Amino acid sequence: GAVVSQHPSWVICKSGTSVKIECRSLDFQATTMFWYRQFPKQSLMLMATSNEGSKATYEQGVEKDKFLINHASLTLSTLTVTSAHPEDSSFYICSAPEFREGTEAFFGQGTRLTVV
Amino acid sequence: GESVGLHLPTLSVQEGDNSIINCAYSNSASDYFIWYKQESGKGPQFIIDIRSNMDKRQGQRVTVLLNKTVKHLSLQIAATQPGDSAVYFCAENHRRALTFGSGTRLQVQP
């Protein structure tokens, strides 16, 4: 199946700093990528849709100025958590739909963010 | 609002037994469903999918059943193995993003 690579797999940062997470589609082009957040023992919640060449669309309740998304190419989307706070600590996961066989989405391995 | 949910938060089975994980969805317009497996600290892994024009689909050791009448989805795992221990999510495809159910933890006892 298609491969989506996410980096870093984990990061620890201080409160007030910014963290960038990268999501790459390795063997296919993705005009759209999705960013999810998952708190412990909870399900994945969609944060935003990253669109290549245009602005990202954010789900209700997600601060666009805090979670900056850039989709500069057909294989790369980045999520920057700005001025991170401990409550932003979570598991962030990206996905990219690959439509050769349908609409299944392939997921990155996730990024564990811990803000101290 | 529309949602996708699961009946059982935790399922414990003996190795070698069959496992059945259930999911209820509320959006009758949903036409595509996916089951994912998530191991601790990892992203979701695609298991099997099904479209609304089907009632059943089989993969390797897994079967997905769809009952549109009662808006119910199930994942059957045959001869459950310790490596099957994980959290399983059903997901509904919506606007190319996915709406996930709350998840069921499958524990396989040796």
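Residues numbered from 1 in each chain as written. Chains lettered and ligands numbered in written order. Predicted model: local features only at pLDDT ≥ 70, side-chain atom pairs only at ≥ 80, totals over all residues. Heavy atoms only, no water.

Trainee: Hey, could you go over the overall build of chain B for me, with residue numbers and the actual values?
Mentor: Regarding its fold elements, chain B presents zero helices and eleven strands. For chain B, the α and β elements follow one another from N to C terminus as β-β-β-β-β-β-β-β-β-β-β. Taken over the C-alpha trace, chain B has a radius of gyration of 13 Å; the compact-globule value for 110 residues is 13 Å, and the two agree within 12%. Per-residue burial for chain B yields a buried fraction of 44% across its 110 residues. Considering only residue pairs separated by 6 or more positions, chain B has 52% of its internal contacts joining residues 24 or more positions apart. Accessible surface, chain B: about 5,500 Å² in total, of which carbon and sulfur atoms supply 45%. Between the centroid of the 11 positive side chains of chain B and the centroid of its 9 negative side chains there is a distance of 5 Å. (Helix = DSSP H or I, 4+ residues; strand = E, 2+ residues; numbered from the N terminus. Rg over C-alpha atoms; globule rule 2.2 N^0.38 Å. Buried < 20%, exposed > 50% of the residue type's maximum accessible area, 1.4 Å probe, protein only. Contact = heavy atoms within 4.5 Å. Areas by Shrake-Rupley, 256 points an atom, 1.4 Å probe, with all protein chains shown as cover. Lys, Arg positive; Asp, Glu negative; His and termini not counted. Charge placed at Lys NZ, Arg CZ, Asp CG, Glu CD.)

Trainee: Give a description of the confidence of the model for chain A that names residues and reports values.
Mentor: Mean pLDDT over chain A stands at 91; residues scoring 70 or higher make up 93%. Model confidence for chain A, summarised as mean pLDDT per element, is weakest for strand β10 (residues 105-107) of chain A at 86 and strongest for strand β2 (residues 10-13) of chain A at 98. (pLDDT = per-residue confidence, 0-100.)

Trainee: An account of the sheet that holds strand β7 (residues 67-73) of chain A is needed here, citing residue identities and associated values.
Mentor: Residue and element names in this part refer to chain A. The strand order across the open sheet built from four strands is β1-β3-β8-β7, with neighbouring strands paired in antiparallel fashion. The sheet is open, and its two borders are formed by β1 (4-7) and β7, each paired with just one other strand. Neighbouring strand axes in the sheet, compared pairwise and without regard to direction, differ in orientation by 15° on average. Pairing of β1 with strand β3 (residues 19-25) involves four bridges; the strand directions are antiparallel. Residue H7 lies in a different strand from β3, and its bridge partner there is E22. (Pairing = 2+ DSSP bridges. Axes fitted to C-alpha atoms, helices over the stretch in contact; angles between N-to-C directions.)

Trainee: Run through the side chain of A:T49, naming residues and quoting values.
Mentor: The topology assignment puts A:T49 in strand β5 (residues 45-51). Those residues in contact with A:T49 that lie beyond four places of it in its chain are A:T32, A:M33, A:F34, A:A56 and A:T57.

Trainee: Help me get a handle on a nonpolar patch on the surface, residues and values and all.
Mentor: Residues and elements named next belong to chain A. Taken together, the side chains of W10, I12 and V116 make up a nonpolar region of the molecular surface, amounting to roughly 370 Å² of accessible area. Take W10: it is sitting in strand β2. A residue is classified by how much of its surface remains accessible, and W10, at 57% relative accessible area, is exposed. (Patch = residues over 30% accessible without salt bridge, like charges linked within 9 Å, V, L, I, M, F, W, Y side chains within 5 Å. Salt bridge = Lys/Arg side-chain N within 4 Å of Asp/Glu carboxyl O.)

Trainee: Outline the interface of chain B and chain A, supporting the account with residue identities and numerical values.
Mentor: Tallying the contact residues gives 19 residues for chain B and 21 residues for chain A. Summing both sides of the interface, chain B and chain A together bury roughly 1,600 Å²; the carbon and sulfur share of this comes to 53%. Inspection of the region where chain B meets chain A yields zero salt bridges. Seen at the junction of chain B and chain A, the total is four residue pairs in polar contact (both at pLDDT 80 or more). Sorting the residues of the side of chain B that touches chain A by element identifies β4 (32-38), β5 (45-51), β9 (86-94) and β10 (97-100) of chain B as the ones contributing at least two each. In terms of residue count, β4(B) provides more of the side of chain B that touches chain A than any other element does, four residues in total. Counted by class, the side of chain B that touches chain A contains nine nonpolar, six polar and four charged residues. (Buried area = accessible area lost by both parts, 1.4 Å probe. Polar contact = N/O pair within 3.5 Å; in protein donor to acceptor, adjacent residues only side chain to side chain. Nonpolar A, V, L, I, M, F, W, Y, C, P; charged D, E, K, R; others polar.)

Trainee: Describe in detail the nonpolar core, supporting the description with residues and values.
Mentor: In terms of nonpolar packing, the biggest core is built from 25 residues, with A:V4, A:W35, A:F67, A:L79, A:Y92 and A:L113 touching the most fellow members. Elements with a contribution of two residues or more to this core: β2, β3, β4 (32-38), β5, β7, β8 (76-81), β9 (90-97) and β11 (111-115) of chain A. (Core = buried A, V, L, I, M, F, W, Y, C linked by side-chain atoms within 4.5 Å.)

Trainee: So what's going on with the state of the cysteines? Residues and values would help.
Mentor: Residue and element names in this part refer to chain A. Considering all chains together, one arrives at two disulfides over all chains under this definition. Between C23 and C94 runs a disulfide, and the two sulfur atoms are separated by 2.0 Å. One disulfide, between C23 and C94, carries an S-S torsion of 85° and so falls in the right-handed class. Here the residue C23 occupies a position in strand β3, and C94 occupies one in strand β9, the gap between them amounting to 71 residues. For C94, a relative accessible area of 0% gives the class buried. (Disulfide = S-S within 2.5 Å.)

Trainee: Talk me through the pattern of salt bridges; I want residue IDs and the actual numbers.
Mentor: Throughout the structure, instances matching the rule amount to seven salt bridges over all chains. The closest approach of N and O atoms between A:E22 and A:R24, which form a salt bridge, is 3.5 Å. Under the relative-accessibility criterion, A:E22 is labelled partly exposed at 24%. On the basis of relative accessible area, A:R24 is assigned to the partly exposed category, the value being 36%. Of the charged contacts in the structure, one is a salt bridge between B:D55 and B:K68, with a shortest N-O distance of 3.2 Å. With B:D55 in the loop between β5 and β6 (56-58) and B:K68 in the loop between β7 (62-67) and β8 (72-77), this pair connects stretches of sequence that are 13 residues apart.

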